[in-house]
Structure formats: structure tokens, C-alpha cells
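Residue-level listing of the chains:
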Amino acid sequence: MELTTAAPRRRSATRDADGMAVASFILGLVGLLALNVVLGPVSIVLAATALFRGTTRRGRAFLGLGLGVADLVVLVAFMSADNTLSWSF
């Protein structure tokens, strides 16, 4: 009886890019409510990387990109309204 081990599966680049697109969308959405100074740029970088790597979830990547930009716009709007470096309700 001969025992063989299966070759380890490698994650495909498309699967990684799809995960980045979904993560970008989720982080951009959460960033509208909290930690937008951090989550906005992270969402933008993840979306751009996912689009560069050829994700099949282009819609989510573009939504993540838009939400990341919206995070930063919301931050700037509230900062200019409060004349502070952060914002709160």
C-alpha cells in the first residue's frame, strides 16, 4: 500500500482579488460610521489592488473605492464644520 500526500492547493490570484474587493466594500461601509480616517484609505487601497489584479467582482471593488472616497469626504466635511481634527455626534 502506497501512501501519497496531496499537493497543497494554492490560492488563485483571482480568489484573493475577489476577497480584497469584498473587504474593500465592507471596510468602506463601516468607515462611514466609525474610524473613517483609517478605513477610508484602506478601502481605497484594497479596491485599487483588487481592480489591478483583475477581480471578477468589479462592482464591489468600485463600490469599495467610492465608499472609501466618501469616508474621506465625510471626515473633511465634519472636520470643517467642527474646526477640529476629529468629529463626533
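See above for the structure.
What counts, and where the lines are drawn
Residues numbered from 1 in each chain as written. Predicted model: local features only at pLDDT ≥ 70, side-chain atom pairs only at ≥ 80, totals over all residues. Heavy atoms only, no water. Helix = DSSP H or I, 4+ residues; strand = E, 2+ residues; numbered from the N terminus. Polar contact = N/O pair within 3.5 Å; in protein donor to acceptor, adjacent residues only side chain to side chain. Contact = heavy atoms within 4.5 Å. Core = buried A, V, L, I, M, F, W, Y, C linked by side-chain atoms within 4.5 Å. Buried < 20%, exposed > 50% of the residue type's maximum accessible area, 1.4 Å probe, protein only. Expected span 1.5 Å × (residues − 1). Arc of directions from axis to C-beta. Patch = residues over 30% accessible without salt bridge, like charges linked within 9 Å, V, L, I, M, F, W, Y side chains within 5 Å. Areas by Shrake-Rupley, 256 points an atom, 1.4 Å probe, with all protein chains shown as cover. Salt bridge = Lys/Arg side-chain N within 4 Å of Asp/Glu carboxyl O.

**Q** How would you sum up the side chain of Asp71? Please name residues and give values.
**A** Checked against the element boundaries, Asp71 lands in helix H3 (residues 58–82). Reaching out from Asp71, the side chain makes a polar contact with the backbone nitrogen of Leu32 at a distance of 3.1 Å. Discounting chain neighbours no more than four positions away, the residues touching Asp71 are Leu27, Gly28, Gly31, Leu32, Asn36, Leu39 and Gly40.

**Q** Provide a residue-level description of the nonpolar core, including the pertinent values.
**A** Met20, Ala21, Leu46, Ala50, Leu51 and Ala61 together form the largest nonpolar core, which totals 6 residues. Looking at this core, the elements that each hand over two or more residues are helix H1 (13–31) and helix H2 (36–52). Tallying contributions element by element places H2 first for this core, with 3 residues. Residues contacting Met20, with those up to four places away along its chain left out, are Leu46, Thr49, Ala50 and Arg53.

**Q** Please provide a residue-by-residue account of H2, values included.
**A** For H2, which comprises 17 residues, the first-to-last C-alpha distance of 24 Å matches the rise-based estimate of 24 Å (1.5 Å per residue) to within 8%. Those residues of H2 lying buried are Asn36, Leu39, Gly40, Ser43, Leu46, Ala47, Ala50 and Leu51. The buried residues of H2 occupy an angular sector of 140 degrees when projected down its axis, which confines them to one face. Exposed side of H2, more than 90 degrees from the buried face: Val37, Val45 and Phe52 are the residues found there. The first or second residue beyond H2 is Gly54, which carries a positive phi of 80 degrees.

**Q** Give a detailed account of the environment of Arg15, specifying residues and quantitative values.
**A** Mapped onto the fold, Arg15 is located in helix H1. Through-space distance from the C-alpha of Arg15 to that of Gly54 is 9.8 Å; in sequence the pair is 39 residues apart.

**Q** Lay out a nonpolar patch on the surface with the relevant residues and their values.
**A** On the surface, Leu35, Val37, Val38 and Val42 cluster together into a nonpolar patch covering about 350 Å² of accessible area. Positionally, Val42 belongs in helix H2.

Purely geometric numbers; function is a separate question.
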